[in-house]
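What the coordinates show
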Amino acid sequence: MAWRDGRASGKRLLLFMASIILGIAAVVSIQSFSDNLERNIALQSKALMGADYRIDGNQAANERVRQVMDSLGGPDATEVQFASMAAFPSKGATKLVQVRGVEGGFPFYGELETQPLDAADHYLARNGALVDATVMVQFDLAVGDSVKLGTTSFPIVGSLISAPGSTGIGTSVAPPIFVPFSAMEASGLLQRGSRLRYNYYFKDPEADLEALDTELDPILDAENADMDTHTATSERLGRRYQNVGRFLNLVAFIALLLGCVGIASSVHIYIKEKFRSVAILKCLGASRKQSFFIYLIQIAGMGLIGGLVGTGLGLLLQLSFPLLLQGFLPFEVVISTSYQAISVGLLLGVFMSVLFALSPLVNTWFVSPLQVLRAQEDVGAASRPVKGAILTAVVLFVFFFAQWLLGNVRYALGFVAGILVTFAVLSGTAAFFMKGIKRYFPETWNFTARQSLRNLFRPNNQTAVLILAIGIGSFLISTLYFTKDFLLAKANVETGANSPNIILFDVQTAQKEAVANTIAPKGHPILANIPIVTMRMERIKDRSVNDLRQDTTVQINRWVLNHEFRVTYRDSLLPGETVLEGEWTGSATMDAAIPISISENVARDAQVTVGDTLLFNVQGTQMETVVGSIRQVDWGQMQLNFNLLFPKGILEKAPQFHVLTTNVPSKEASASLQQELVRKFPNLSILDLRQVITLVEGILDKISWVISFMAFFSILTGIIVLIGSVRNSKYQRIRESVLLRTLGAQSAQIVRITALEYLYLGLLGSGVGILLSLFGSQLLAYFVFDTPFVPSWVPFVIVLPGITLLVLLIGVFNSRSVLRSPPLQVLRKEGS
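Here the structure is a predicted model, which is why all the values come from computation and not from measurement. (Residues numbered from 1 in each chain as written. Predicted model: local features only at pLDDT ≥ 70, side-chain atom pairs only at ≥ 80, totals over all residues. Heavy atoms only, no water.)

**Regarding the overall build of the chain**
To keep things clear, this is the line we draw: Elements are defined by DSSP. Helices are runs of H or I of four residues or more, strands are runs of E of two residues or more, and each kind is numbered from the N terminus. For the exposure calls, accessible area comes from a 1.4 Å probe over protein chains only, and a residue counts as buried if that area is under 20% of its type's maximum, exposed if over 50%, partly exposed in between. The contact criterion used throughout is that any non-hydrogen atoms of two residues lie within 4.5 Å. Reported accessibility uses the Shrake-Rupley method at a 1.4 Å probe radius. Residues are deemed covered only where the shown protein chains occlude them.
Tallying secondary structure elements over the chain gives 29 helices and 21 strands in all. Within the chain, buried positions represent 52% of all 832 residues. Counted over contacts in the chain with a minimum sequence separation of 6, partners at least 24 positions apart contribute 82%. Summed over its atoms, the accessible surface of the chain is roughly 37,700 Å², and 59% of this surface lies on carbon and sulfur atoms.

**So, the side chain of arginine 536**
What counts is decided by this rule: We score Asp and Glu as negative and Lys and Arg as positive, and we do not count His or the chain ends. Should a side-chain nitrogen of Lys or Arg be within 4 Å of a carboxyl oxygen of Asp or Glu, the pair is scored as a salt bridge. Counted as a polar contact is a pair of N or O atoms within 3.5 Å, where, for protein atoms, one must be capable of donating a hydrogen and the other of accepting one, and residues adjacent in sequence contribute only when both atoms are in side chains.
As for its placement among the helices and strands, arginine 536 is situated in strand β12 (residues 526–540). Buried charged residue arginine 536 carries no salt bridge. Nearest counter-charge: glutamate 564, at 4.5 Å. A distance of 2.5 Å separates the side chain of arginine 536 from the backbone oxygen of asparagine 562, its partner in a polar contact.

**Here we look at the pairing of strand β5 (residues 129–132)**
The criterion, for reference: Here a strand pair is declared whenever DSSP counts at least two bridges between the two strands.
Note: β5 against strand β7 (residues 152–162), 4 bridges, orientation parallel. Along β7, the bridge assignment pairs aspartate 132 with leucine 160. Across 2 bridges, β5 lies against strand β8 (residues 176–180) in antiparallel orientation. Its bridge partner being in β8, valine 131 is matched across the sheet by isoleucine 177.

**What to know about helix α16 (residues 409–439)**
Note on helix geometry: an α-helix contains 3.6 residues per turn, so any two residues three or four positions apart are oriented the same way. Under the convention used in this document: Take the residue count of a helix, subtract one, and multiply by 1.5 Å to get its expected span.
Taking 1.5 Å of rise per residue, the 31 residues of α16 would be expected to cover 45 Å, and the 44 Å separating its terminal C-alpha atoms lies within 8% of that figure. Among the residues making up α16, those that are buried are Ala412, Phe415, Val416, Ile419, Thr422, Phe423, Leu426, Thr429, Ala430, Met434 and Ile437.

**A few points about the pairing of strand β6 (residues 146–149)**
Here β6 shows a buried face lined by Val147 and Leu149 and an unburied face lined by Ser146 and Lys148. Where strand β2 (residues 77–88) lies against β6, 2 bridges are found, and the strand directions are antiparallel. By the bridge assignment, alanine 87 is partnered in β6 with lysine 148. Connecting β6 to the antiparallel partner β7 that follows it, the hairpin turn spans 2 residues, and glycine 150 within it adopts a positive phi of roughly 65°.

**Here's the deal with the packing of aromatic side chains**
Rules: Ring geometry is summarised as follows: Phe, Tyr and Trp rings, the Trp one being its six-membered ring, pair when their centres sit within 6.5 Å, and such pairs are stacked at plane angles under 30 degrees, edge-to-face over 60 and tilted between the two. Lysine and arginine charges are scored as sitting over a ring when NZ or CZ, respectively, is within 6 Å of the ring centre and within 35 degrees of the ring normal.
This structure, assessed with the given rule, holds 13 aromatic pairs. Among the aromatic side chains, those forming a connected cluster through ring pairs are Phe351, Phe397, Phe401 and Trp404. Just above the ring of tyrosine 109 sits the side chain of lysine 203; from NZ or CZ to the centre is 6.0 Å.

**Description of the pattern of salt bridges**
Summed over all chains, the structure comprises 13 salt bridges. With a closest N to O distance of 3.2 Å, arginine 543 and aspartate 551 form a salt bridge. Each of the salt bridges in this network shares a partner with another, and the network as a whole consists of Arg54, Asp56, Arg197 and Asp228.

**Regarding helix α11 (residues 275–283)**
Applied cut-off: Arc definition: it is the arc formed by the directions from the helix axis to the C-beta atoms.
Burial in α11 covers these residues: Phe275, Val278, Ala279, Leu281 and Lys282. Viewed along the axis of α11, the buried residues span an arc of 160°, placing them on a single side of the element. The first or second residue beyond α11 is glycine 285, which carries a positive phi of 110°.

**A look at the packing of helix α19 (residues 512–519) against helix α23 (residues 667–680)**
Where we set the bar: Throughout, an axis means a line fitted to C-alpha atoms (over the contacting stretch in the case of helices), and angles, computed between N-to-C directions, take values from 0 to 180 degrees. We call two directions roughly parallel when the angle between them is under 35 degrees, roughly antiparallel when it is over 145, roughly perpendicular when it lies between 65 and 115, and oblique otherwise. By definition, any crossing whose near helix is turned counterclockwise from its far helix by less than a right angle is left-handed, and any crossing with a clockwise turn is right-handed. Charged means Asp, Glu, Lys or Arg here, nonpolar means Ala, Val, Leu, Ile, Met, Phe, Trp, Tyr, Cys or Pro, and polar covers whatever is left, Gly included.
Closest axis-to-axis distance for the α19/α23 pair is 10 Å, and the angle between their directions is 150°. Between α19 and α23, the angle falls in the class roughly antiparallel. Here α19 and α23 pass one another in a crossing that is right-handed. Within the contact between the two elements, α19 uses Val515, Thr518 and Ile519 and α23 uses Leu673, Glu676, Leu677 and Lys680. Per-class residue counts for the contact of α19 with α23 are 4 nonpolar, 1 polar and 2 charged.

**Some thoughts on the nonpolar core**
To keep it simple, the criterion reads: Take the buried Ala, Val, Leu, Ile, Met, Phe, Trp, Tyr and Cys residues and link them wherever side-chain atoms come within 4.5 Å; each set so joined is a nonpolar core.
Within the largest apolar cluster, 86 residues are counted, with the highest numbers of intra-cluster contacts made by Phe253, Met352 and Leu361. Sorting elements by how many residues they give to this core places helix α10 (residues 230–273) first, with 11 residues. In this structure, Val99, Val135, Leu141 and Ile156 belong to the second largest nonpolar core, which totals 39 residues.

**Digging into unusual backbone geometry**
Cis geometry marks the peptide bond from phenylalanine 106 to proline 107, where omega comes out at 0°. Here proline 107 is to be found in the loop between β3 (93–104) and β4 (113–115). A cis amide bond links glutamine 115 to the next residue, proline 116, at an omega of 5°. Structurally, proline 116 can be placed in the loop between β4 and α5 (119–122). The backbone phi angle of asparagine 127 is positive, close to 50°, even though this residue is not glycine. Structurally, asparagine 127 is set in the loop between α5 and β5.

**Some details on the environment of glycine 762**
Secondary-structure assignment places glycine 762 in helix α26 (residues 747–784). Along the chain, glycine 762 and isoleucine 803 lie 41 residues apart, while their C-alpha atoms are 6.6 Å from each other. Apart from residues lying up to four places away in sequence, glycine 762 is in contact with Ile470, Gly767, Thr804 and Val807.

**Regarding the environment of arginine 570**
Looking at where arginine 570 falls in the secondary structure, it is placed in the loop between β14 (565–569) and β15 (577–582). Distance from arginine 570 to proline 647, taken between C-alpha atoms, is 5.4 Å for residues 77 residues apart in sequence. With residues up to four places along the chain from it excluded, the contact list for arginine 570 reads Glu577, Trp584, Gly586, Phe642, Leu645, Phe646, Pro647 and Lys648. A polar contact is formed between the side chain of arginine 570 and the side chain of glutamate 577, at a distance of 3.0 Å.

**Some remarks on the packing of helix α4 (residues 63–71) against helix α9 (residues 209–222)**
Between α4 and α9, whose axes approach to 9 Å, the crossing angle comes to 160°. As far as their axial angle goes, α9 and α4 are roughly antiparallel. Handedness of the crossing formed by α4 with α9: left-handed. Across the interface between the two elements, Arg64, Val65 and Val68 from α4 touch Leu216, Ile219 and Leu220 from α9. Each residue belonging to the contact of α4 with α9 can be placed in one class, and the counts come to 5 nonpolar, no polar and 1 charged.

**A look at the side chain of threonine 662**
Along the chain, threonine 662 falls in strand β20 (residues 657–662). Beyond its immediate chain neighbours, meaning those up to four positions away, threonine 662 contacts Pro500, Asn501, Ile502, Ile519, His524, Pro525, Leu527 and Leu673.

**Things to note about the confidence of the model for the chain**
This is how it is decided: pLDDT measures how confident the predictor is about each residue, on a scale from 0 to 100.
Overall, the prediction assigns the chain a mean pLDDT of 81, with 82% of residues at 70 or greater. At the level of individual helices and strands, the chain shows its lowest average pLDDT in helix α29 (residues 823–831), which scores 56, and its highest in strand β19 (residues 644–646), which scores 95.

**Observations regarding the environment of isoleucine 156**
Here isoleucine 156 lies in strand β7. Under the relative-accessibility criterion, isoleucine 156 is labelled buried at 1%.

The structure is reproduced here in structure tokens:
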């Protein structure tokens, strides 16, 4: 019976299936790609690091660290890594780069991919440099040209295409250059205060990395060093991309939920039309269970087919993901079959189709045989408790599935709450709109306008489901644009003359005046001269840091215990700093414990509050301090922000270096200034903030493109639900058309009625969706990003009219069959 009845309603059941195909395709594609990404990271973890493990620190290994490394057989390769300015004399150009001074056979896994191919084999022996390929193209460099780092020049022996450890967004700001480690000391770049990273690489494929890390980590922590295994590095990288995958999964899941709403609405109309058939079956002796399972099997079958098609489409779709995420992936992803994603797609197709169709399906259970003789709009109050249980099951499923995607109960609850609020607002808006039209119906309007409004609240209307479908899609895309715009505004560099756009790092105290005297004659102001002192925590309250490291029960965050803090001193707070607790002290003396200000994240992670004492080691000198205030710091401000802030009168004589900022009016003036500074002061690192902002905008554009790509599934699902809704109300429309034609209405009038109806739905759905996203984006800006909210014009000017027009065209197009149906055809069908 299910098969026979299904063949007669094949086209309508295919639309049920189409409602979930795109949602399943989106979920499967992201699930499959995430699995492939995780598998690739695990397989290539050694190649990503270039070794089995490494010991690293901000300074060259001391005697104790050397003893530890000697007990392991000694490092197989050594590297010093730091940011510096590179000069290209033949082109008169400079560039901030990541210098990697290497000795030994690094990398032991993976390879330095170069052009020419053999450049990686002999650059150390020739005392040459491998220069990042993008830099080579940018400055039109060729093999044989030279690059100057500090006071040392190196011949360029090859173009560097890729290398282990030189991945991520940071390499776009400071591309890597490989040179011999032995030449670094003579370059004059390894000075006190320079941000150096020493890496000691080990090749030992038989080592028990977990046991080794457990044994050596406390010893190395005490010596301000650290141990990284290739597995730990790959896990960190995996978590980074896993967060993006989880977010995209939620976007895809929303598309799937939207399709399920379409299923519920379509099945509601489909089953309502089957009540007479169900009543006849019961008159012929069919049980409640038999009549119920006839239609349940139909829906489950369509869900299975939809799951199969959606899963296949998702597996094809994932092939495009490496191209979409090319700028974020540090390696080539090899796509393979993900059986977990296939299982998820098939199960979701059947389970969600049945779950969301149960509410209308359960009505067949309560259809009376008397339905053959009389209309029975209310199937009985006995179905309400059952529908309540079904609704509870739907909410619980959404929660558990979201929890599985996010791995966090609180986030899953927030997601479910957000979905419920959004659906409730859209559904409430639809209900309020229908009631409002009914109550305040404009009786004075012409016939066409009145009839189009009546269609919005007539029996079997689709107002609620279409507003849901259109509203959710509009909500997603509008939120994307609103969020993107205020993030760009937050990262935007002000263009005023008092806003810095050039930052000079590693200015030594002896160079400070000379650097300032180089900048000032060119007409550029010195906007800030910030002293920076490096130090480490020795004691928190009454416990030494070494004791805290060894105590596994303490809740203090490990980064606080191991971090080398870079602090400054001044007598005032910056605009982006607000005192939350205590009182800021602008100047002090060494006569008593020194009052310092700490950021709220340090206070939280170190578990200290106002009045607690902290002992610092300032490059060999012990300094007792007391927490005088706790600050809230706006880290999004384009200025140098600090975790620790000392008052004036304390650190002036401590070993320090300086950061200077200035403002230059043009790209050409910036290039000229940088060239002169690098020529006079080779140790300086110069950051042009305009390049950083260009990079940030590019990253946000890529992210927004990916999110738009996923939000497209919601819009397309909404369109399919719209088509299905129009087709499922087809016969009702034909009957209305016959009546209207009998009363003398023309085809042009019927077209206008249909067009106006879908114009109202498009405007209302997209308008409410945009208003919801406006409100949600304001909450995001205030609570998450702590930034002023300035709404984008795109949703109002493009999204609103665009979606409205799309709804209008689809509604009119799918109503053609209503106009082409002769009145006699319907009358004969009704009479039979």
